[in-house]
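# Chains, contacts and geometry: an overview
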Amino acid sequence: MEVKEAAGRLGVLLPGMGAVATTLIAGVEAIKKGSAQPIGSITQMGHIHLDRKNNGDNYPRIKDFVPLARLEDIVFGGWDVYEDNVYEAASRAKVLEPGTLLALRSELEAIKPMKAVFDKSYIQNLDGTHTKQGATKMALAKALMDDIISFRDTRGCDRLVMVWCGSTEKYTEVADVHESLAAFEKGLKENDPRIAPSMIYAYAALKLGVPFLNGAPNLTVDIPALVELAAQTRTPIGGKDFKTGQTLMKTILAPGLQARALGVKGWFSTNILGNRDGYVLDQPDNFRTKEVSKLSVLEDILRPDLSPELYNDLYHKIRIEYYPPHRDNKESWDNIDIFGWLGYSMQIKINFLCRDSILAAPLVLDLALFGDLAKRAGLSGVQEWLSFYFKSPQTAPGFRPEHDIFKQLTVLQNALRKLMGEELVNPEGLTYAEEEITA
Ligand SMILES: NC(=O)c1ccc[n+]([C@@H]2O[C@H](COP(=O)([O-])OP(=O)(O)OC[C@H]3O[C@@H](n4cnc5c(N)ncnc54)[C@H](O)[C@@H]3O)[C@@H](O)[C@H]2O)c1
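Residues numbered from 1 in each chain as written. Predicted model: local features only at pLDDT ≥ 70, side-chain atom pairs only at ≥ 80, totals over all residues.

Around the ligand, a shell composed of 37 residues is seen, among which Gly 16, Gly 18, Ala 116, Ala 216 and Arg 276 lie nearest. Those elements giving two or more residues to the shell around the ligand turn out to be helix 1 (19-32), strand 2 (74-80), helix 12 (276-281) and helix 15 (356-376). Ranked by residues supplied to the shell around the ligand, first place goes to helix 15 with four residues. Broken down by class, the residue content of the shell around the ligand amounts to 21 nonpolar, 11 polar and five charged. Residue contributions to the shell around the ligand reach at least three from each of two domains, namely domain 1 (10-242 + 358-438) and domain 2 (245-353). (Near = placed C-beta within 6 Å. Helix = DSSP H or I, 4+ residues; strand = E, 2+ residues; numbered from the N terminus. Nonpolar A, V, L, I, M, F, W, Y, C, P; charged D, E, K, R; others polar. Domains from an automatic or database assignment.)

Turning next to unusual backbone geometry. Cis geometry is adopted by the peptide bond preceding Lys 240, which originates at Gly 239 and carries an omega value of -10 degrees. Here Lys 240 is to be found in the loop between strand 6 (236-238) and helix 11 (245-259). Even without glycine at this site, Lys 94 takes up a positive phi of about 55 degrees. Checked against the element boundaries, Lys 94 lands in the loop between helix 4 (86-93) and helix 5 (98-102).

This part takes up the UniProt feature "domain: Myo-inositol-1-phosphate synthase GAPDH-like" (unreviewed entry) in the protein chain. Mapped onto this numbering, the UniProt entry gives "domain: Myo-inositol-1-phosphate synthase GAPDH-like" (unreviewed entry) at residues 245-357. Across residues 245-357, helical content stands at 41% and strand content at 33%; the span's end C-alpha atoms are separated by 10 Å. (UniProt positions renumbered as here; feature names shortened; annotations may be inferred.)

On to the packing of helix 11 against helix 13 (residues 284-302). Where helix 11 contacts helix 13, the axes come no closer than 9 Å and their chain directions differ by 15 degrees. Viewed along their axes, helix 11 and helix 13 adopt a mutual orientation that is roughly parallel. Judged by the sense of rotation from one axis to the other, the crossing of helix 11 with helix 13 is right-handed. Touching Thr 247, Lys 250, Thr 251, Ala 254, Pro 255 and Gln 258 of helix 11 are Lys 294, Val 297, Leu 298, Ile 301 and Leu 302, all from helix 13. Classifying every residue of the contact of helix 11 with helix 13 by side-chain character gives six nonpolar, three polar and two charged. (Axes fitted to C-alpha atoms, helices over the stretch in contact; angles between N-to-C directions. Parallel < 35°, antiparallel > 145°, perpendicular 65-115°, else oblique. Left-handed = near helix turned anticlockwise from the far one by under 90°. Contact = placed C-beta atoms within 7 Å.)

Moving on, we get to the domain arrangement of the protein chain. A common way to report how large an interface is uses the accessible area buried once the components associate. Here the protein chain is partitioned into domain 1 (10-242 + 358-438) and domain 2 (245-353). One C-alpha centre belongs to domain 1, the other to domain 2; they are set 25 Å apart. Each side of the interface is counted separately: domain 1 has 27 residues, and domain 2 has 27 residues. Across the side of domain 1 that touches domain 2, the residue classes break down as 11 nonpolar, eight polar and eight charged.

Here we take up the nonpolar core. Val 163, Ile 200, Leu 226 and Val 364 are the most contacted members of the largest nonpolar core, which has 109 residues in total. If you tally residues by element for this core, the top one is helix 15, at 11 residues. For this core, the domains that each give at least three residues are domain 1 (10-242 + 358-438) and domain 2 (245-353). Here Val 364 is in contact with Val 20, Leu 24, Val 163, Cys 165 and Gly 215, once residues within four sequence places are set aside. Core analysis: the second largest hydrophobic core is formed by 10 residues, Leu 257, Val 264, Leu 302 and Leu 310 among them. (Core = buried A, V, L, I, M, F, W, Y, C linked by C-beta atoms within 7 Å. Buried ≥ 20, exposed ≤ 12 C-beta atoms within 10 Å, placed from the backbone.)

This part takes up helix 7 (residues 137-154). Its 18 residues give helix 7 an end-to-end C-alpha distance of 25 Å, which sits within 8% of 26 Å, the value for a rise of 1.5 Å per residue. Elements that come into contact with the buried residues of helix 7 comprise strand 1 (10-15), strand 3 (114-115), strand 4 (159-164), helix 8 (181-189) and helix 9 (197-207). A positive backbone phi angle near 65 degrees is found at Gly 156, which sits one or two residues after helix 7. (Expected span 1.5 Å × (residues − 1).)

Because each turn of an α-helix spans 3.6 residues, side chains separated by three or four positions end up pointing in the same direction. Look at helix 11: 22 Å from first C-alpha to last across 15 residues, which is about the 21 Å you get at 1.5 Å a residue. Of the residues making up helix 11, those classed as buried are Gly 245, Gln 246, Thr 247, Lys 250, Thr 251, Ala 254, Leu 257 and Gln 258. Turning to helix 11, the residues buried within the fold contact strand 7 (263-273), helix 13, strand 9 (331-339), strand 10 (345-353), helix 15 and helix 16 (405-419). Positive backbone phi, at 50 degrees, marks Ala 261, one or two positions downstream of helix 11.

Next up, the structure:
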């Protein structure tokens, strides 16, 4: 397969310039200056095993193996409902130390969010006024397309990619307006309330052939209408919800328990966090979107349908509590009730004192770089090989999502091997990626 070189500048567009987005931007600027390392980023620090029969480097870094945009060639832009520039927004988010931000002040102050497409009915707890007005949702989509084109031209970008880093919208299900592109476009013109702001951003990106990855649990591109548009404009898409913190731990631990045929009776997960994300999730409608995304994980890994004696009675409960003193430093507790030989019970307790945006920022970088790679490789539609990064991976219709992080990594690496014409190290791990990459 021919993968075009990553020549020129890559514009990374971020709807939502809050804690995650500003931690990413500040981090990339610090790395470019040589004052930090891209820890947690597979594209920058990860290696890939190749079967070259000892004729060369069998463990190159991924960034040396596939042609990815260089960090020096990335230009950031985005939208937010608050007009704070990235320096102000990062200072407010309090993820990074003031000293780190001061050293990057001029670069960060130069990045100012464009006016957002916003609908308070989707996020009750936000009151931003830095928003666009338009007679219809179609007019707003066109205004976003104008923003994208103007950003590309004024910043001299050769290619663009969009990663949703906006707040979690209220829970919605696929309705008739989402079922086809024709119905969706009619809905945009008629201001259908079931079209969420994040869908309008995705529509604008896909119309222009800009890859779109969704870091929140909202449906967004996971609707037939936008899958259809992605196919029509040959654009890669992916989602949903960055896999960080507690769910990351869950998808590391659960495959191990399942591999050893240990039973699981209960898994209670609770989180306390005090950032703006936590404030938005304090609204029950918005929490529901996150809850559905987090709940899907265990069943797909443990497969009670295959091993009912081990997992049929599993009680899985998830809570998120808004607790301002913890700011972005989310604390999660898991109590896991497991059982072993002859049914004897045991418990595992996890107390993860994590930093939400520190875990999420490298995922956004990788998704932007791989989204751009997919586009240059001529791939389009749902990029299931990127499931590694998501709590609730979007799949092609009829496929089960894969949640086991180790299988997800094998699929990702095999997709890269396939793109570069290398032998597949574990062909079993290719699964759906093979059909997708050869399509
Ligand atoms: N941090 C993590 O570990 C993590 C993990 C998984 C998913 N996420 C998701 O990533 C998203 C960002 O998280 P965060 O911690 O940066 O939240 P945040 O609240 O700090 O930032 C989100 C930003 O989006 C803006 N926004 C909301 N609606 C918008 C719209 N329609 N257009 C433009 N901007 C809009 C808000 O004003 C806010 O500044 C959330 O949806 C969160 O659930 C985060």
